[in-house]
Structure formats: structure tokens, C-alpha cells
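Inside the fold
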Amino acid sequence: MKLLDITAKAHPDGHRIDIAWRYPPGTDASVGVAVVRGRHDYPATPKDGVPVDEGVGITTVTDRPVHGERTYYYALFPFTGDPPVFDAPSTDDARHNRTTAMATTPYGFAELLHSLLPAVYHRYDAERSQLRRFLELPGGELDRLYSHARAALGLVDPLCVDGRLLPLLAHWIGWHTDYRLPLAAQRNEVRSAPHIYQAIGSVRVLDATVARVTGWTNRTKEFVHNVARTNEPECQTLWGALRDSQGQWSEPALASVHFVHDGRPAAVPGPGNSAQLFYHTRRAHDWDIWGKRLADGVWQPSAPVISRPGVDKYPTAAVQGDTLRLYWQGRAPGESIWRIWHADRRGEKWSAPALLKEGASDQRTPAAVADDEGGLWLFWLEQGAGTWQLKYNRRDATDWQLPTPAVLPSDSEHDARLKDDLFVLFHPGATAPKLWVFWARQEPAEQKQTRWHIVYRSKQGLDPNASDWSPVRRLTRQADGDHDRQPAARAAGNDAVELFWSSTRLGGWALFRNVLDIGSDTWGTAQQLFAGTHAMRAPLALDTEAGTLLLHRSNQSLRHGSTASGALTLDHRYAGTTTVDTRARDRLPLHGTFEDPQRYLYDTARSAGRGRITRDAVGLYLTPRTETSEEIQAAVSRLAGVLEEFMPVSARPVFITE
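Brief notes about the packing of helix H7 (residues 203-214) against helix H8 (residues 629-643)
Between H7 and H8, the shortest axis-to-axis distance is 10 Å and the interhelical angle comes to 135 degrees. Viewed along their axes, H7 and H8 adopt a mutual orientation that is oblique. Considering only the axes of H7 and H8, their crossing is right-handed. Touching Leu-206, Thr-209, Val-210, Arg-212, Val-213 and Thr-214 of H7 are Ala-635, Arg-638, Leu-639, Val-642 and Leu-643, all from H8. Its residues placed into classes, the contact of H7 with H8 shows seven nonpolar, two polar and two charged.

Printed below as a string of C-alpha cells:
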């Protein structure tokens with residue numbers, strides 16, 4: 001029911017508002033009206049506000065006392081019966097049965113004017129007060145004008161201003177008012193507009209604009225990270241997962257956003273559920289060695305350990321007595337060869353970096369481990385005689401035991417091939433062998449290609465002079481076309497070694513594990529860890545009080561956004577441009593989806609459904625709340641007209657409905 005001639009007026013006496021209306025002709029006499037007051041917006045229901053009055057057949061109500069210089073919003077709800085049964089008004093009727101007014105305050109201007117008159121006027125006006133009553137006319141108007149003047153102080157406050165003036169405030173700052181919204185939402189938009197203008201072009205502004213215009217949820221994706229570039233390798237961030245006493249793995253969690261293109265971290269276990277981690281990362285001047293501490297199962301902030309001009313990469317560390325020894329591969333500015341550097345820490349202070357030894361040969365990828373007799377073993381790759389040799393030495397409590405580092409003795413004709421991914425394990429529980437060396441090397445495959453294989457050798461004793469090395473053994477592979485790389489081992493009881501490595505057995509790089517029975521020298525069945533479409537590489541197992549912590553590198557996209565607001569985006573820049581492996585069947589269905597991190601050739605087409613893979617395309621993955629294509633198209637068209645104001649000049653939106 002639409003009521004007629006609805007008015008709300010401030011009473012001249014102040015602190016009072018009178019509301020009046022008429023019923024449509026032919027209205028039943030049993031129809032009543034309930035008047036409800038709102039402070040910043042019109043009440044949406046009879047219970048949404050402060051009840052003023054209600055009754056059958058009434059046409060006027062008085063709302064008092066109310067604060068002066070405040071605007072109040074009234075909604076009138078027709079009803080029938082006792083108790084009242086309210087109509088279910090249409091949107092048009094609900095908007096019609098409203099009124100608003102600002103209450104005034106009696107400031108006593110009539111008394112003030114009368115008091116300013118000469119005393120003779122007071123004497124002759126004392127009996128009949130005609131002059132006093134006359135001054136009430138201009139005094140009342142002055143009260144009203146002064147109330148409006150004081151209320152004008154709040155005209156620029158979106159929370160206090162009369163709702164009818166909100167479009168004017170919005171116009172002043174270039175904001176387009178959505179008249180479909182209730183006043184409370186309009187006030188919030190005007191208040192938020194300056195902050196939105198400051199963040200124009202950001203993901204959160206785009207998501208907020210989609211929600212404001214359509215009421216839909218949205219996920220924003222920048223397709224620039226899907227454009228293939230030959231100079232963009234994958235960026236591998238650091239992740240970790242914990243295996244509990246029941247053998248169950250937790251979901252991998254991000255440990256550090258410091259990325260690398262290759263190499264694994266090094267870790268030294270500490271007491272309880274703690275550890276010290278070292279890794280190389282790219283800084284402004286070049287690659288540095290940084291450290292990160294795990295304390296009571298919580299990662300602490302990263303800090304630089306070796307920060308200097310030049311390149312410092314591939315750290316390895318071990319504790320010998322009360323000394324933490326750190327080794328890495330470094331190259332000073334202007335040099336062309338790599339050397340092994342080292343630094344020691346006793347307490348909290350590191351010694352100055354120093355060369356392991358002088359020489360003119362390349363030295364790379366050191367790997368260190370401490371044994372249970374107080375010694376420290378160091379292995380590294382060194383170029384000599386036209387090939388790479390695996391050298392090693394053992395340091396006792398005072399110095400290196402071998403004046404000239406030993407070379408891992410040859411075992412087969414393939415030993416001269418390139419070695420990489422060096423890893424050393426000392427098994428404290430085994431009777432013999434205790435020292436294990438794992439690495440990866442390339443071996444011939446079909447069609448004159450090569451594939452990476454993991455091989456290993458073990459040493460029976462701890463005498464560096466003794467050549468008691470086992471033959472070179474290979475990790476069993478699934479297929480000849482697979483790559484197996486980056487082995488990392490841990491002691492699994494007194495008679496077993498657990499090995500983790502990265503492999504392409506399923507198409508992309510994934511993590512696998514297997515257990516070697518030392519006595520029979522047999523491997524179990526390889527198991528994949530952590531399913532996913534992203535690459536997982538460079539594992540490192542670390543035993544803690546809480547269980548086995550498995551660190552690894554991954555190019556997994558990082559999620560950014562708020563679960564409360566629904567705003568979400570994925571940072572795909574870590575995926576990099578890599579060679580497509582057609583065996584990676586789980587990645588192919590991702591094409592065109594929000595989660596797709598793959599790289600494609602630049603798409604210059606602008607036809608429907610194409611033109612996404614460009615540097616200027618920003619995808620908006622919309623989740624409509626309607627099923628009809630006409631309504632979806634209308635909402636998208638409305639959104640396209642508004643979104644231009646909040647997009648960067650160099651970007652264009654691509655709308656995708658999910």
C-alpha cells in the first residue's frame with residue numbers, strides 16, 4: 001500500500017518532529033500504520049529501528065524528544081489485525097512510504113531579542129506581552145536558521161549528512177552514486193572512495209568494484225605471468241612439510257619467499273624442535289647466503305649470513321664440537337672461476353669468509369657432514385685433467401687430515417661424466433658402512449639424449465687415507481625416459497637409509513621417497529609425496545623432536561587475498577617458462593583456468609574467448625548468482641562500463657564467468 005502526502009516537519013518548539021500522511025481512497029478502516037525511526041538510514045522492517053508509534057486509522061504521530069541538528073529517517077509500515085500483520089511491500093512501495101526531517105533546537109532567540117530592548121519597552125509590555133509574542137515570530141525563524149547553520153558543520157561528514165545530499169558529496173569527489181543501494185551502503189561508498197582512488201589498479205579495488213556493481217564474487221588474475229619469456233626461469237621458493245610419528249605428512253607450507261633457480265638449502269638440527277637453515281638467495285648486488293632459524297616449530301625471520309659483493313651460492317653446514325662450520329661456492333667480482341669458501345661460528349659471531357684453498361681450478365657444490373668421532377667430512381667437485389673430480393677431506397679437531405685432498409676412486413668408465421646434486425650422509429647407527437655419498441649424473445638415453453640418474457657409494461670406515469669405497473650403485477628407475485635428481489638421505493634405523501629425491505616419473509618434477517635395506521642392498525617401492533601440478537624439487541630431510549621435516553623447493557603459485565571478503569588472486573610469477581612435458585596430464589586441464597600457471601605464446605587475437613595471453617590482459621573470473629545468460633550479460637555490460645575508472649590505463653579487463 002502506498003500512503004499519500006507523507007510529510008515530516010520539525011516543530012518550532014524544537015526536539016520534536018511531526019509526521020503526517022493520508023490513506024488511499026477506499027482503504028479499509030481496520031488498516032493501521034506503524035512508524036519506525038532510523039538514525040542513518042530508512043528502516044527496512046518494522047523491527048529495524050526505533051518504534052515511534054502505531055495505531056489503526058491514525059494519520060499523524062509526534063516523535064519526541066529527539067536531538068536537534070540531527071536528521072532522522074522514518075519508514076511507515078501499513079498493517080492489519082491485532083497483533084499487527086504487516087504487508088509484504090514491493091520495492092517501489094517500500095521506497096515510497098518514507099520521509100525524513102531534521103529536528104531543530106530552541107536557542108531562545110525570541111527571549112534574547114526581548115532582553116535587548118530598552119527597559120521602557122519591558123514596562124509597557126509586562127501586562128499583555130504583545131511585543132514578546134511578536135518577537136517569537138522572528139525568534140523562531142532565527143532558532144531554525146541557527147540550527148541549520150550548526151547542522152551545516154556536518155555536511156561533509158558522510159555519516160551525519162542528510163542522505164539526500166550524499167549524491168552531491170559523491171559528485172564532488174567524482175564518485176558515481178548507485179541509487180539502488182540503501183543509504184547506509186551509499187555512506188560507506190563515499191567514505192571508502194578516497195581510499196579506493198589511492199589504490200586504483202590494485203586487485204582488491206577490482207574485486208571490490210565487482211562486488212559493488214554486481215554483488216558477485218570475483219577472482220582476479222594477471223595474464224602477464226602466463227606469457228612465455230625465454231629469459232624467465234622458474235623461481236623456486238622454500239616449502240616444508242612435517243611427518244608425524246604415525247607416518248602422516250602435513251600439507252606443505254611456505255617457509256620463505258626467497259627464491260632460487262637451482263640448488264637446495266642446508267640445515268643443521270638443534271635441540272628439541274629447532275634447526276638452523278642456510279640457503280642462497282638473490283639480492284640487489286648479487287647472490288648471498290642467508291639463514292633462517294626454526295624455533296619450537298615456528299620459522300623465525302630470515303637474516304643475511306654472508307653478504308658481500310660477488311656471488312655466493314650452494315651452502316652446506318655441519319657442527320663439529322662447539323663450532324658451526326659453513327661452506328659454500330663463491331666467486332669474487334671480476335673472477336671467472338668458482339672456489340670453496342668457509343666461515344665458522346662460535347656463539348653468535350661468524351668469522352670472516354676465507355678460501356678453503358688457493359688454486360686455479362673450479363671448485364663447486366660442497367657437501368659437509370660430521371661423524372661421531374669428532375671429525376668433519378667435506379666433499380666437493382673440482383675440475384682437473386679435463387674433467388670433474390669428486391674430492392674429499394676430513395677435518396679433525398685441529399686441521400685437515402690429508403695434505404692433498406683425496407679423489408673418489410674410479411669405479412667404471414662412466415665415472416668421468418658430469419656429477420651434480422652432491423649429498424653426504426653419516427649413518428650413526430650402522431655398524432658399517434657409515435659414510436654415504438649420493439650424487440646425480442647424466443647417462444646416455446635413446447635418440448642420442450641423456451637422462452639424469454642417481455648413483456651412490458659408501459665408505460666402510462672413517463679413515464680418509466683408506467680406499468674402502470663400495471662400487472658405484474644406481475637407484476632403480478621407473479622408465480628410461482625419466483630424470484632422477486637431487487637426492488637427500490637420512491638414517492632410518494640401524495640398518496636402513498631413507499632417500500628423498502625429485503623425479504619426472506609422472507611428467508613434471510615431483511618428490512619421491514624410498515628405503516634402502518643396508519644388509520641386502522635392496523630398495524623398496526618408490527612412493528610419491530604431495531600430489532600437485534606445480535614442480536617440487538631439491539628435498540632435504542631433517543629430524544626434529546616433532547618428526548621428520550622435509551624441506552623442498554617449489555614454483556607453486558602463492559595465494560593472496562582475504563577469505564572474509566572473498567577477494568583472491570594467485571601470484572603465478574614463480575612458475576617460470578619451462579619445457580612442456582606432454583606426460584604431465586594433470587597440468588593440461590588447467591589451460592584457461594584461474595589456477596593455470598603455464599606459459600603460452602603471445603596471443604594477439606581480440607575475438608571472443610581469445611586475446612587473454614597478453615601483457616595487458618587482466619582476467620576477472622566471475623561467479624554469477626543468476627543462471628540466465630541475459631542477466632549475466634547485462635551485469636557484465638554494466639560492470640564493463642564502470643570498471644574502466646578503476647583499471648590501470650595500460651590494462652584491459654577480460655571477463656570469464658565460472
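Topic: the packing of helix H2 (residues 109-116) against helix H4 (residues 130-151)
Packed helices, taken two at a time, are described by the angle their axes make and the gap between the axes. Axis separation between H2 and H4 bottoms out at 7 Å; the angle between their running directions is 130 degrees. Considering their axes alone, H2 and H4 lie oblique with respect to each other. Two packed elements cross with a definite hand, and for H2 against H4 that hand is right-handed. Facing H2, whose interface residues are Phe-109, Ala-110, Glu-111, Leu-113 and His-114, H4 presents Arg-132, Leu-135, Glu-136, Pro-138, Gly-139, Leu-142, Asp-143 and Tyr-146.

Observations regarding H4
Each full turn of the α-helix corresponds to 3.6 residues, which orients residues three or four apart in the same direction. Compared with an ideal rise of 1.5 Å per residue, which puts 22 residues at 32 Å, H4 spans 32 Å between its outermost C-alpha atoms and is within 8% of the ideal. The sharpest bend along H4 measures roughly 35 degrees and falls at Leu-137, with the proline Pro-138 sitting one to four residues further on. Of all the positions in H4, only Arg-132, Leu-135, Gly-139, Asp-143, Ser-147 and Ala-151 are classed as buried. Where the residues of H4 are buried, they touch strand E8 (98-102), H2 and helix H3 (119-125).

Observations concerning the layout of surface pockets
In this model, the largest pocket occupies a volume close to 1,200 Å³. For the largest pocket, the lining is made up of 49 residues, of which Thr-316, Ala-368, Phe-423, Val-424 and Leu-540 are closest to its centre. Mapped by element, the contributors of at least two residues to the lining of the largest pocket are strand E12 (266-269), strand E17 (311-320), strand E22 (363-370), strand E26 (419-426), strand E30 (484-491) and strand E35 (536-544). Among the elements that line the lining of the largest pocket, the one with the most residues is E26, at eight residues. Of the residues assigned to the lining of the largest pocket, the class counts are 30 nonpolar, seven polar and twelve charged. Taken together, 39 residues line the second largest pocket, and the ones lying closest to its centre are Thr-533, Asn-555, Thr-578, Thr-579 and Arg-587. Mapped by element, the contributors of at least two residues to the lining of the second largest pocket are strand E28 (450-459) and strand E32 (508-517). Of the residues in the lining of the second largest pocket, the class split is twelve nonpolar, 17 polar and ten charged.

The rules behind the values
- Residues numbered from 1 in each chain as written.
- Predicted model: local features only at pLDDT ≥ 70, side-chain atom pairs only at ≥ 80, totals over all residues.
- Heavy atoms only, no water.
- Axes fitted to C-alpha atoms, helices over the stretch in contact; angles between N-to-C directions.
- Helix = DSSP H or I, 4+ residues; strand = E, 2+ residues; numbered from the N terminus.
- Parallel < 35°, antiparallel > 145°, perpendicular 65-115°, else oblique.
- Left-handed = near helix turned anticlockwise from the far one by under 90°.
- Contact = heavy atoms within 4.5 Å.
- Nonpolar A, V, L, I, M, F, W, Y, C, P; charged D, E, K, R; others polar.
- Expected span 1.5 Å × (residues − 1).
- Bend = angle between axes of the 7 residues up to and from the residue.
- Buried < 20%, exposed > 50% of the residue type's maximum accessible area, 1.4 Å probe, protein only.
- 1 Å grid on protein atoms, 1.4 Å probe; cavity = no way out; pocket = protein on both sides within 12 Å on 5 of 7 lines; lining within 4 Å.
- Points joined across faces, edges and corners; volume = space filled by probe spheres on them.

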